[in-house]
Amino acid sequence: FRVMRVLRLFTLFHDLNLLLNAFGEALQTVAWVSLMALTIIYMCAVFMTNWVKTVDWGADSEKVAAWFGTLGFSMRTLFFVMTLAQYDEIILVMETHTNHFGVYVVAIAYIVVTAFCLVSLITGILSEKLVSARMTDMIVKQHEFEHDQQVFALEVGQALRKLDVDGDGFLSLTEIKKADIRHLQSVLVD
């Protein structure tokens, strides 16, 4: 029940509600980006799982097997690398047994594509949805304001026409002096 109270804040504060709606709209696109990331991780995991079996890892064979011994381990490790966790230890271990340059090129390319590009893409999607939601909200408020102006102008026009006793379309000083101001106030306030 406490969680429900916290969620109620989103209905009380307009800007929080706007953020929640933008986030909800962005979830579908973020899900597609996540699927793309999962596909990249899977493809790289298949490559890494097969490749590590061709290298003699010596004393580090247990670490490498824990990182890339199966497809599931490889996907988990590559997800960690995508989040920039433990990548330095993995690269340092791998470079001692293989081509330094090749390890760095592959690692940098993977990190740039997954960590930088995909995370930036998700950030961009969320930002775009938030800006779009804000613009839509501004347009709705502008239309409401214009509608209120039109209603007000109509009501003022009707009240002033009631004061125009002779019906000539103009208010003379005598018509204004004879007008019941209380009646005018009640028409405009209602």
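Up top is the structure these notes are about.
Keep in mind it's a predicted model, so treat the numbers as computed, not measured. (Residues numbered from 1 in each chain as written. Predicted model: local features only at pLDDT ≥ 70, side-chain atom pairs only at ≥ 80, totals over all residues. Heavy atoms only, no water.)

Caption draft 1: Local environment of the packing of aromatic side chains. All told, the structure shown has one aromatic pair when counted by the stated rule. An angle of 75° between the planes, with centres 5.7 Å apart, marks the rings of W51 and W57 as edge-to-face. The class for W51 is partly exposed, based on a relative accessible area of 25%. Exposure remark for W57: the relative accessible area of 5% places this residue in the buried category. (Phe/Tyr/Trp six-rings, centres within 6.5 Å; stacked < 30°, edge-to-face > 60°. Buried < 20%, exposed > 50% of the residue type's maximum accessible area, 1.4 Å probe, protein only.)

Caption draft 2: Main features of helix α4 (residues 71-82). Taking 1.5 Å as the rise per residue, α4 with twelve residues should run 16 Å; its terminal C-alpha atoms sit 16 Å apart, in good agreement. Residues S74, T77, L78, V81 and M82 constitute the buried set of α4. For α4, the angular spread of buried residues about the axis comes to 145°, placing them on one side. The inward-facing, buried residues of α4 contact α2 (14-52), α3 (61-68), α5 (87-95) and α6 (100-163). Of the residues flanking the end of α4, it is L84, one or two places downstream, whose phi is positive at about 65°. (Helix = DSSP H or I, 4+ residues; strand = E, 2+ residues; numbered from the N terminus. Expected span 1.5 Å × (residues − 1). Arc of directions from axis to C-beta. Contact = heavy atoms within 4.5 Å.)

Caption draft 3: Molecular detail of the pattern of salt bridges. By the definition in use, this model includes three salt bridges. Among the ionic pairs, R134 bridges to D15, the shortest N-O distance being 3.3 Å. Highlighted residues: R134 in helix α6 and D15 in helix α2, separated in sequence by 119 residues. Of the residues examined, R134 reaches a relative accessible area of 37% and is grouped as partly exposed. Since its relative accessible area comes to 44%, D15 is described here as partly exposed. (Salt bridge = Lys/Arg side-chain N within 4 Å of Asp/Glu carboxyl O.)

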